[in-house]
Amino acid sequence: MKAIVNYEAGPGRVEVREVPVPELGPKDVLIRVQAAGVCGSDLHMYHDSQGFPVKRPVTLGHEYAGVVEKVGSLVTAFKAGDRVVSETPAYICETCIYCRTGQYNLCPTRRGFGVLEDGAMAQFVKTREAIVHHVPDGIPFEMAALTEPACVAYNAVSHHSRIRPGDYVVVFGPGPIGLMCVQIAKLFSPGRLTVVGTARDKKRLEVALQFGADEVIEAEGRDVVSELLSYGDGFGPDLILDAVGVSATLKQSIDAVRPNGQITKIGWGPAPVGFSLDPLIQKAARLQGSFSHNYPMWEKVLLMMAKGEINPLPMAKCYGIDDWKAAFDEMDSLQHAKSIILPQQS
Ligand SMILES: [Zn+2]
Ligand SMILES: [Zn+2]
């Protein structure tokens, strides 16, 4: 079968290769992949700029949906022909306290698809029955493949953060996760929803407006913090969702957040922050991380997609598997927020 493989360390070491169809264990499910989203982490591996351990060669991709081709001997919940989507942890230990309590996204030995296990930018992928979900009728595969980034946002906005209707909410970074944060924050009827990006983000900021942002700010040459503080009573946002990750946006978040407000950090940034966190103490504000997602979040996001309350497709563009380079490069140059590979098309 065809697969998009990151074959060795170094920039640009990705190509389409012929690889064997995976063998199934008794509790595994083989999916004929119909759509696989390109994630920022796939682009980092493409450039060899990722800040996490990887196995190479590895088939990329962890955001995917398709049709069940075959199931292992002990699988009961799925059969050939089912339309499905799968979560991202290819392996978890199943014995640590996080696995035992359904918080397996926090399992210290978790191995993700497309990073430490072969992923879904291929004609077939092997996954575990425990993390497969039925895709409700009416959700196309391209949309189902984006359940994953929607769940990242869902976890950050509705699990780790608290929004009350009327709250002032700010999203830093109009990438796929930031844009999905906009859609999910909208479900809580915020009083004002502002998205901050840069001049390079023009197209993605337009999508933010389409997704319901009240206002977008291109940060260049502007005093973002005083603009954020100029709305309403002047005390700043109740909630800031940081989907960028560099220390500059964390500094702006801390300077702008409302006393007793919250900052939820989703974006990664390996560099030390380099400034004092004292304002966080003085404001009694809460800074928290959010990572990945788990089973019930997927079920809820799929229900909301089926109802049309979440729809990531306007931020995406589709490509056949042989056009993977255009898919990676065009997303990388911010022509659109999300590329989707269709592995059954050349
Ligand atoms: Zn991803
Ligand atoms: Zn575990």
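Quick caveat: nothing in here was measured; it's all calculated off a predicted structure. (Residues numbered from 1 in each chain as written. Chains lettered and ligands numbered in written order. Predicted model: local features only at pLDDT ≥ 70, side-chain atom pairs only at ≥ 80, totals over all residues. Heavy atoms only, no water.)

Once that is clear, we can look at the domain arrangement of the protein. Segmenting the protein into domains produces domain 1 (2–146 + 312–342) and domain 2 (153–289). Between the C-alpha centres of domain 1 and domain 2 the distance comes to 29 Å. With 12 residues of domain 1 in contact, the opposing surface of domain 2 contributes 12 residues. A buried area of about 910 Å², summed over both sides, lies between domain 1 and domain 2, and 67% of it is on carbon and sulfur atoms. Linking domain 1 with domain 2 are zero salt bridges. Counting every contact that joins domain 1 to domain 2 gives zero residue pairs in polar contact (both at pLDDT 80 or more). A breakdown of the residues in the side of domain 1 that touches domain 2 according to their chemical character gives six nonpolar, four polar and two charged. (Domains from an automatic or database assignment. Contact = heavy atoms within 4.5 Å. Buried area = accessible area lost by both parts, 1.4 Å probe. Salt bridge = Lys/Arg side-chain N within 4 Å of Asp/Glu carboxyl O. Polar contact = N/O pair within 3.5 Å; in protein donor to acceptor, adjacent residues only side chain to side chain. Nonpolar A, V, L, I, M, F, W, Y, C, P; charged D, E, K, R; others polar.)

Attention now moves to the packing of aromatic side chains. Applying the stated criterion across every chain yields a total of six aromatic pairs. Geometrically, the ring pair formed by Y64 and F113 is edge-to-face, given 5.6 Å between the ring centres and 85° between the ring planes. In this pair, Y64 sits in strand β5 (residues 63–71) while F113 sits in the loop between β8 (111–112) and β9 (124–128), placing the two residues 49 residues apart along the sequence. Of the residues examined, Y64 reaches a relative accessible area of 0% and is grouped as buried. The interplanar angle of 85° and the centroid separation of 5.3 Å between the aromatic rings of W324 and F328 together place this pair among those described as edge-to-face. Here the residue W324 and the residue F328 both occupy positions in helix α11 (residues 324–332), the gap between them amounting to four residues, near one helical turn. As far as burial versus exposure is concerned, W324 and F328 are alike and both buried. Through pairs of rings, three or more aromatic residues link up here, namely Y46, W324 and F328. Positioned over the ring face of Y91 is R111, at 4.2 Å from the centre of the ring. Above the plane of the ring of F275 lies K251, whose end atom (NZ or CZ) is 6.0 Å from the centre. (Phe/Tyr/Trp six-rings, centres within 6.5 Å; stacked < 30°, edge-to-face > 60°. Helix = DSSP H or I, 4+ residues; strand = E, 2+ residues; numbered from the N terminus. Buried < 20%, exposed > 50% of the residue type's maximum accessible area, 1.4 Å probe, protein only. Lys NZ or Arg CZ within 6 Å of the ring centre and 35° of its normal.)

Turning our attention to the coordination of the zinc ion (ligand 1). Ideal geometry at a metal gives 109.5 degrees between four tetrahedral donors and either 90 or 180 degrees between six octahedral ones. Binding of the zinc ion (ligand 1) to the protein goes through C39 (SG), H62 (NE2) and E63 (OE), at separations of 2.1 to 2.5 Å. Within one chain, the residues donating to the zinc ion (ligand 1) are spaced in sequence as C-x22-H-E. Each member of the pair, H62 together with E63, is buried. (Donors = N, O, S within 2.8 Å, 3.2 Å for Na, K, Ca; no water.)

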